[in-house]
Structures are given as structure tokens and as C-alpha cells.
Amino acid sequence: VAGMIILFVVVINIFNIINTTSSDLYLRRKELAQLRVLGVSKRRLFKMVMLEGVIASILSCVLGIVLGTGISMGVFFGVIRQFFPAKYVFPWLAAIVSVVVTILILCGAVYVPLCRMPNDVAADLMVSGD
């Protein structure tokens, strides 16, 4: 049951990363088109957007690991250790895997929309009301 709950949370997290990244790129299409007009190549634009995403992913993973560790240590020492003599062990492998998987999912979520970006930047620059 615990494995199914963890799998459900992981799948929801994957879809959340993909959805947030795709919507962010869609909302920034005018900005990205302006950069293209100024001479930024698709490759350079890809690197720039990817770096932004990787930095945000690493910071969010570190914050999640710190908060999760704090909460789990609080529950462990406050409740579990009162009933069972056990030693707290930090899940290094799970933390490293979660950071790597998050970055890989983000890279795919950025790569696909940027590859599908049209070369016609004029269409992205013309937004109704501007």
C-alpha cells in the first residue's frame, strides 16, 4: 500500500513538472520570440531556458529534502523511537535519485516544446491587444 501511495505521488509530481514547464514556456513565447529577433539562436535559447529550469529544480529538490528530512526526523524521534529502539538513517540513494529524475524530466519537458517552436517568430510577437 505504501508503495502504491509513493508511486501515485511520483506520477502526480511528474505530470506537475511537465505541465508547469509547458505552460511557462507557452506564456513566455513572446519573450522568447523577442530574444530570437535579437539574434539568439534556438540552441542558445534552449541552454538558457534549461539552465533556469535546472537551477529551480535543484533548489526545490534541496528545499524538499531539507524539509522532508526535518519532518521525518521529528516523527522518528518524537513517535517511532518511543516504541521501537531504532537508528535514524538518511536515505541518500532516494535523495540522489529524486534529484536526478527531476532534472531529467525537466530536460524532457523543456526540450520537446522548444523543438516544436516555430521558426516564424513574427506570429509569436503579434499578440492581440499589443
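Above this text sits the structure in question.
## A look at the overall build of the protein
Now for step 1: Along its length, the protein carries five helices and zero strands.
Now for step 2: N-terminal to C-terminal, the α/β element order of the protein is α-α-α-α-α.
Now for step 3: A globule of 130 residues ought to have a C-alpha radius of gyration of about 14 Å, yet the protein, at 20 Å, is considerably larger.
Now for step 4: Oriented by its inertia axes, the alpha-carbon framework of the protein measures out at about 65 × 25 × 25 Å.

## A look at the nonpolar core
Now for step 1: In terms of nonpolar packing, the biggest core is built from 13 residues, with Leu 25, Leu 32, Val 49, Val 54, Leu 106, Val 110 and Leu 114 touching the most fellow members.
Now for step 2: Top contributing element to this core by residue count: helix α4 (residues 92-115), with five residues.
Now for step 3: When neighbours within four sequence positions are excluded, Val 54 is seen to be in contact with Ile 103 and Leu 106.

## Side note on the pattern of salt bridges
Now for step 1: Applying the stated criterion across every chain, the model contains three salt bridges.
Now for step 2: Between Arg 28 and Glu 31 there is a salt bridge, with the nearest N and O atoms lying 3.2 Å from each other.
Now for step 3: Residue classification places Glu 31 among the partly exposed positions, given a relative accessible area of 36%.
Now for step 4: Put simply, Glu 52 and Arg 28 hold a salt bridge, and the shortest N to O gap is 2.8 Å.

## Comments concerning the state of the cysteines
Now for step 1: Evaluation of the coordinates by the stated rule reveals zero disulfides.
Now for step 2: Unpaired in this structure, Cys 61 has its nearest cysteine sulfur neighbour in Cys 107, at a distance of 12 Å.
Now for step 3: By relative accessible area, Cys 107 is classed as partly exposed at 24%.

## Section: the packing of helix α3 (residues 42-83) against α4
For any two helices packed against each other, the geometry is given by the interaxial angle and the distance between the axes.
Now for step 1: At a minimum axis separation of 9 Å, α3 and α4 run at an interaxial angle of 150 degrees. Taken together, α3 and α4 sit at an angle that is classed as roughly antiparallel. As α3 runs across α4, the sense of the crossing is right-handed. For the pair α3 and α4, contact is made by Lys 42, Leu 45, Phe 46, Val 49, Met 50, Gly 53, Val 54, Ser 57, Ile 58, Cys 61 and Ile 65 and by Ala 95, Ser 98, Val 99, Thr 102, Ile 103, Leu 106, Cys 107, Val 110, Tyr 111, Leu 114 and Cys 115, respectively.
Now for step 2: Partitioned by chemical class, the residues of the contact of α3 with α4 number 17 nonpolar, four polar and one charged.

Reading the values: rules and limits
Residues numbered from 1 in each chain as written. Predicted model: local features only at pLDDT ≥ 70, side-chain atom pairs only at ≥ 80, totals over all residues. Heavy atoms only, no water. Helix = DSSP H or I, 4+ residues; strand = E, 2+ residues; numbered from the N terminus. Rg over C-alpha atoms; globule rule 2.2 N^0.38 Å. Core = buried A, V, L, I, M, F, W, Y, C linked by side-chain atoms within 4.5 Å. Buried < 20%, exposed > 50% of the residue type's maximum accessible area, 1.4 Å probe, protein only. Contact = heavy atoms within 4.5 Å. Salt bridge = Lys/Arg side-chain N within 4 Å of Asp/Glu carboxyl O. Disulfide = S-S within 2.5 Å. Axes fitted to C-alpha atoms, helices over the stretch in contact; angles between N-to-C directions. Parallel < 35°, antiparallel > 145°, perpendicular 65-115°, else oblique. Left-handed = near helix turned anticlockwise from the far one by under 90°. Nonpolar A, V, L, I, M, F, W, Y, C, P; charged D, E, K, R; others polar.

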